[in-house]
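Structural characterization, general
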Amino acid sequence: RGFAGLYHTASHAKLVIIGDGAERGALEQLVHELAVGPAVRLTGLRSDIDEILPAMDVISLSSTREGLPLALLEGMAFGLPVVATGVGGIPDLLAHGGGLTVPPQDPPAMTLALQRMAGDDLFLRDQGERARQLVVEQYSQDAMVKRYVELYRSLAGRAKRKWLSPLLGVLSERG
């Protein structure tokens, strides 16, 4: 519904829905009811996401419940800014840029956010760069390995201190 508002003000806009599921029939019906069929493509399941995402301008997600969606991180890794509902971990993910959040089940707010991205190339590019930087710095394999190493060192340090403290106490008593 949020895309319909954008489409009816910017007829060049296109929507690609990647994936499949039990709601596909209802989604196809909604596309028909909203008269956005010429601008919408439902791809079904795809294994070539890395070839599709570079052709996009924005990644959008209108979930009512989420954790931290991998689909958003994948899009952000390609430098795509996000327009998503502010549910689950999404507000924290975008707290310092990379996209816009809107309330869940609020198509007019989604339309406005999509229009903001579509109408401001500088903002679109800036948010895309921030999105990519965030993924590289916080969610990349290198960042994850670095955090695991820091965690293991921290745990090893605590374990060593726990083992060493009683020994040091005994040694200091013998002093």
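Residues numbered from 1 in each chain as written. Predicted model: local features only at pLDDT ≥ 70, side-chain atom pairs only at ≥ 80, totals over all residues. Heavy atoms only, no water.

1. Quick notes on the environment of Gln115
The following threshold applies: For helices the rule is a DSSP run of H or I covering at least 4 residues; for strands it is a run of E covering at least 2, with both sets numbered from the N terminus onward. We call a residue buried when its accessible area falls under 20% of the maximum for its residue type, exposed when it is over 50%, and partly exposed in between, using a 1.4 Å probe and counting protein chains only. Whether two residues touch is decided by their heavy atoms; if any such pair falls within 4.5 Å, the residues are in contact.
The topology assignment puts Gln115 in helix H6 (residues 107-119). Note on Gln115: relative accessible area 26%, which makes it partly exposed. Along the backbone, Gln115 and Phe3 are 112 residues apart, and their C-alpha atoms lie at a distance of 9.3 Å. Once residues lying within four places of it in the same chain are set aside, the contact partners of Gln115 are Gly5, Leu6 and Thr9.

2. Here's the deal with the pattern of salt bridges
Selection rule: The term salt bridge refers to a pairing of a side-chain nitrogen on Lys or Arg with a carboxyl oxygen on Asp or Glu at a separation within 4 Å.
Tallying each qualifying case throughout the model produces four salt bridges. Asp20 is paired through a salt bridge with Arg24; the nearest N and O atoms lie 3.7 Å apart. You can call Arg24 partly exposed: its relative accessible area is 25%. Asp126 is the salt-bridge partner of Arg130, the closest N and O atoms lying 3.2 Å from each other. Here Asp126 and Arg130 lie together in helix H7 (residues 121-139), a separation of four residues that amounts to about one turn. Given the relative accessible area of 38%, Arg130 is considered partly exposed.

3. Overview of unusual backbone geometry
The backbone of Ala35 shows a phi angle near 55 degrees, a positive value even though the residue is not glycine. The topology assignment puts Ala35 in the loop between helix H2 (24-33) and strand S2 (40-44). The phi dihedral of Gln105 falls on the positive side, at around 55 degrees, and the residue is not glycine. Residue position: Gln105 is located in the loop between strand S5 (99-102) and H6. Relative accessible area serves as the criterion here: at 68%, Gln105 is assigned to the exposed category.

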